[in-house]
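Analysis of the macromolecular model
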Amino acid sequence: MAINTAGTMTPKRPAGTLYRGREGMWSWVLHRITGVAIFFFLLVHILDTSMVRISPEAYNAVISTYQNPIMGLGETALVAAIVYHAFNGIRIILIDLWSKGAKYQRVMFWVVIGLWVVTMLGFAPRHLINVFSHVGGA
Amino acid sequence: MATAVADATAGAPAPEAPIEAFTVTLIIRRFDPDVDDEPRWQDFDVQMFATDRILDALHKIKWEQDGSLTFRRSCAHGICGSDAMRINGRNRLACKTLIKDLDITKPIYVEAIKGLPLEKDLIVDMEPFFASYREVQPFLQSATEPPKDKERVQSVADRARFDDTTKCILCAACTSSCPVFWTDGQYFGPAAIVNAHRFIFDSRDEAASTRLDILNDKEGVWRCRTTFNCTDACPRGIQVTQAIAEVKQAIMRGKP
Ligand code: HEM
Ligand code: SF4
Ligand code: FES
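Notes on the structure in this doc start here. (Residues numbered from 1 in each chain as written. Chains lettered and ligands numbered in written order. Predicted model: local features only at pLDDT ≥ 70, side-chain atom pairs only at ≥ 80, totals over all residues. Heavy atoms only, no water.)

**Overview of the pairing of strand β1 (residues 21-30) of chain B**
Residues and elements named next belong to chain B.
- Where burial is concerned, most of β1 is hidden: seven out of the 10 residues are buried.
- Summarising the sheet, β1 and strand β2 (residues 40-49) pair through 10 bridges and their orientation is antiparallel. Opposite Arg29, over in β2, you have Trp41 as the bridge partner.
- Note: β1 against strand β5 (residues 108-111), three bridges, orientation parallel. When the sheet's bridge partners are listed, Leu26 is paired in β5 with Ile108. (Buried < 20%, exposed > 50% of the residue type's maximum accessible area, 1.4 Å probe, protein only. Helix = DSSP H or I, 4+ residues; strand = E, 2+ residues; numbered from the N terminus. Pairing = 2+ DSSP bridges.)

Okay, structure coming up:
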């Protein structure tokens with residue numbers, strides 16, 4: 001940034017500005033991020049579950065490493081991602097297939113956010129209490 | 001200016017109230033292929049009235065400050081579709097964007113539309129955009145003769161079916177607002193689909209299935225991720241994403 005005669009800042013970066021899309025664009029950005037995140041989780045999950053076929057002991061060893069607060073927080077994030085992806089996925093299906101879907105896409109986005117908040121309020125406290133009550137033994 | 005209206009007494013012409021002018025800072029993304037390796041931002045201060053448009057600001061800069069500033073415009077009234085550009089991060093027609101609708105306490109960023117090859121300053125190469133447009137066969141096709149010495153008849157309801165998509169002025173604001181198009185220049189893009197929709201749902205046309213086939217391509221309607229950037233950008237208020245959804249459904253049905 002350089003200060004010029006007008007006293008404003010002229011950006012140095014040659015790249016353009018970030019496109020200022022609205023709800024539709026950000027809902028898609030989130031949908032893709034959560035979709036890719038869920039994909040990588042499933043990949044790991046298939047690998048760890050397949051340990052059962054090697055030996056139940058190896059499986060138990062891997063699974064027990066998950067039982068710590070960091071993983072507990074990770075599980076919360078995973079559920080948050082899946083819940084958003086699922087609700088917004090239904091929104092996208094309605095946009096494509098319901099004749100009034102495109103018209104109500106913005107309303108439906110806020111419904112998705114509302115449902116997400118309600119679901120997470122139901123899930124996160126229970127889950128985190130469960131996770132942190134085991135901290136330090138047990 | 002509101003006071004000028006209130007002061008006007010019936011019968012007598014309104015006294016000339018001084019119209020307030022503002023200093024507006026525009027930061028424009030410049031690129032001269034003969035000199036620059038990459039685009040650079042340059043700012044200009046211009047005196048503007050609230051009723052002026054960004055196009056007027058560009059004119060003032062070109063005519064009074066820097067004649068090398070390059071942009072396209074023709075009609076200056078939102079008809080020809082020449083001057084789509086990114087204004088404060090959103091695709092707009094410069095000739096339809098009023099200063100009063102922008103926050104002029106901050107500089108206004110103006111840059112070329114995204115996803116098409118940048119040629120100079122605010123001008124991009126529109127050829128890939130028009131190539132996609134041509135590919136959807138945007139003209140009436142019918143093998144049946146019209147009634148002798150008569151036009152082809154169409155009911156009001158049949159005409160209304162595709163009314164929205166007749167309004168397109170091919171400005172490319174929609175196509176160049178689409179995140180899918182930015183990363184995949186092969187995607188037909190919203191404007192081509194809008195113009196296909198115009199004929200697919202025209203009761204007089206007989207080539208709907210050809211166009212549906214073309215758009216069933218891997219780079220066709222299924223690339224659409226419903227971000228609604230196109231609908232938000234269209235200066236004609238066309239419900240672009242709705243039109244794309246209707247074409248998707250027509251492909252699934254196998255008929256319009
Ligand atoms: C819970 C049920 C699910 C629903 C209702 C759902 C729904 C959808 C829908 C409708 C799309 C299309 C998005 C678009 O057209 O823009 C999509 C995209 C996607 N989904 Fe899901 N999905 C679900 C679960 C999953 C899972 C388990 C994964 C991970 C393996 C996943 C990964 C993805 C990815 C990577 C995309 C691509 C995103 C994009 O193209 O922008 N989804 N999902
Ligand atoms: S649909 Fe709208 S934004 Fe797209 S090219 Fe036509 S007029 Fe421009
Ligand atoms: S100059 Fe013709 S549309 Fe703006």
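After that view of the structure, there is still more to cover.
**Section: the nonpolar core**
Residues and elements named next belong to chain B.
- Membership of the largest hydrophobic core comes to 67 residues, with the highest contact counts inside it found for Leu26, Ile28, Ile54, Leu58, Leu215 and Val247.
- Per element, the largest residue contribution to this core is six residues, and it comes from helix α6 (residues 190-200).
- Lining this core are residues from two domains, each supplying at least three of them: domain 1 (21-124) and domain 2 (127-145 + 158-253).
- Discounting residues that sit within four places of it in the chain, Ile28 has contacts with Arg40, Trp41, Gln42, Phe44, Leu58, Ile61, Leu69, Val110 and Leu122. (Core = buried A, V, L, I, M, F, W, Y, C linked by side-chain atoms within 4.5 Å. Domains from an automatic or database assignment. Contact = heavy atoms within 4.5 Å.)

**Section: the coordination of the iron atom of ligand 1**
- Looking at the iron atom of ligand 1, one finds just one donor atom contributed by the protein, A:His85 (NE2), at 2.0 Å.
- Among the secondary structure elements, A:His85 is positioned in helix α3 (residues 69-97). (Donors = N, O, S within 2.8 Å, 3.2 Å for Na, K, Ca; no water.)

**Here we look at the environment of A:Ile92**
- Note on placement: A:Ile92 falls in helix α3.
- We classify A:Ile92 as partly exposed; its relative accessible area is 21%.
- Beyond its immediate sequence surroundings of up to four residues, A:Ile92 is in contact with A:His31 and B:Thr226.

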